[in-house]
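Residue-level structural notes
Each chain, written out:
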Amino acid sequence: MRRALVSMCAVVAAVTAGCADGDDGRAARQDARPQALTWQQELRVTDAQQRLIKQCMERHGFDYWEDRRLTLQESRPVRFVQDDVKWARTFGYGGRIEAENLRVHESNPNGTYRQGLSAARRAEFDTALDGGDDAELLRASLPVGDGEIRKRLGGCTEESERTLYGDPKLWFRTGKTVTGLNALYGEQLMNDRRLTTAIHAWASCMKRAGQDYKDPQAARDAVRVRTSRLGEARADEAFAAERKTAVADAVCARETSLRAVATARETHYLDRLRDRFGKDIDTYRDLGHQAYERAVRIVPERD
């Protein structure tokens, strides 16, 4: 359960952009503080960045392919708490979507195109895309320990981020700070009585449904193992079993209000860090909303 709970951005809108589902933040939006983007909004920002990079690369004389293969619903991330029963009946835990994404990633058209260029043109492609070896190196400290995240930023990537966020350096720094905050309260959250009580209620509900798992992550891990064991020849059987477990998971999450409890408890622990990181949290969310407002003028939402 440790790994699942420490990554509890999976269930709330409290910390990072993209953690909230469409209707999770109604009460929170009454707060004057900026709220995290929904996953739908975050996806549209990502699509807008791809569109901007494509336009920029074409100006430099290169082809570039955007990735908009998935529908909006297929793009939905599966969080620690997944309580959309209708989605689970259709997609399970998204196992087939994930497998297809992996296959596409392995034959990424941009990578294939780049490999087909001469050595000189590949270097020009890299410089156009992200500044190449001469790009500026950004550094961001993590909120725990003395760790540091680095990223090279230049070329069309920098241009796209500047168009969306205004200040790519500030976006990078605050983003790495905010997305690392769960490391500061993960142990407390994992042992929070209200949360563990809700998870135990979920587990009891699942057991009554013939699905004996201690928490949602354990259910998904078991599905992955079973799918791998059955292999390609029994893929339909594996997917049917995945959907059965996912539906029970979603039903039990709804019956036990697991999402609401998890959201409230993580928000509680995050709020205790606001004296140290409140400015970074609000700045990061403000920049995200600014990017979304610009994204809606660049690309339509996926169907």
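See the structure above.
One structure accompanies this document, and this report is about it. Remember, predicted model here, so these are calculated numbers, not experimental data.

Positionally, P77 belongs in the loop between α2 (39–59) and α3 (85–91). You can call P77 partly exposed: its relative accessible area is 22%. Distance from P77 to G94, taken between C-alpha atoms, is 8.4 Å for residues 17 residues apart in sequence.

The next thing to look at is the pairing of strand β1 (residues 136–141). Bridging between β1 and strand β2 (residues 148–153) involves six bridges; their strand directions are antiparallel. Paired with R139 across the strands is R150, a residue of β2. Adjacent in sequence and paired antiparallel, β1 and β2 are bridged by six residues, among which G145 carries a positive phi angle near 70°.

Here the focus is the nonpolar core. Core analysis: the largest hydrophobic core is formed by 46 residues, its most contacted members being V45, L164, Y165, W202 and L258. Ignoring anything within four residues of it in the chain, the contact list for Y165 reads V45, W171, L287, G288, Q290, A291 and R294. If you look at the next biggest cluster of nonpolar residues, it comprises eleven residues, including I53, C56, Y113 and L129.

With that out of the way, let us pick up the environment of A295. Of note, A295 is situated in helix α14 (residues 274–295). Taking C-alpha positions, A295 is 8.9 Å from Q41, a pair spaced 254 residues apart along the chain. For A295, the contacting residues outside a window of four places in its chain are R44, V45, A48 and L164.

As a further point, take the packing of helix α10 (residues 193–208) against helix α12 (residues 235–255). Remark: α10 packs on α12, axes separated minimally by 9 Å, with the N-to-C direction vectors making an angle of 135°. By the angle between their axes, α10 is oblique relative to α12. The way α10 lies across α12 gives a crossing that is right-handed. Here α10 contributes W202, C205 and M206 to the contact with α12, which in turn contributes T245, A248, D249, C252, A253 and E255. Here the residues of the contact of α10 with α12 are counted per class, giving six nonpolar, one polar and two charged.

Among covalent bonds in proteins, the disulfide is the one between the sulfur atoms of two cysteines. Counted under the stated rule, the structure contains two disulfides. The side chain of C56 participates in a disulfide bridge whose partner is C156; the two sulfur atoms lie 2.1 Å from each other. The disulfide joining C56 to C156 has a torsion of about -75° about its S-S bond and is therefore left-handed. With C56 in helix α2 and C156 in helix α7 (residues 155–165), this residue pair connects regions lying 100 residues apart in the sequence. For the pair C56 and C156, one class covers both residues: buried. Across the disulfide, C205 is cross-linked to C252 (sulfur-sulfur distance 2.1 Å).

Analysis parameters
- Residues numbered from 1 in each chain as written.
- Predicted model: local features only at pLDDT ≥ 70, side-chain atom pairs only at ≥ 80, totals over all residues.
- Heavy atoms only, no water.
- Helix = DSSP H or I, 4+ residues; strand = E, 2+ residues; numbered from the N terminus.
- Buried < 20%, exposed > 50% of the residue type's maximum accessible area, 1.4 Å probe, protein only.
- Pairing = 2+ DSSP bridges.
- Core = buried A, V, L, I, M, F, W, Y, C linked by side-chain atoms within 4.5 Å.
- Contact = heavy atoms within 4.5 Å.
- Axes fitted to C-alpha atoms, helices over the stretch in contact; angles between N-to-C directions.
- Parallel < 35°, antiparallel > 145°, perpendicular 65-115°, else oblique.
- Left-handed = near helix turned anticlockwise from the far one by under 90°.
- Nonpolar A, V, L, I, M, F, W, Y, C, P; charged D, E, K, R; others polar.
- Disulfide = S-S within 2.5 Å.

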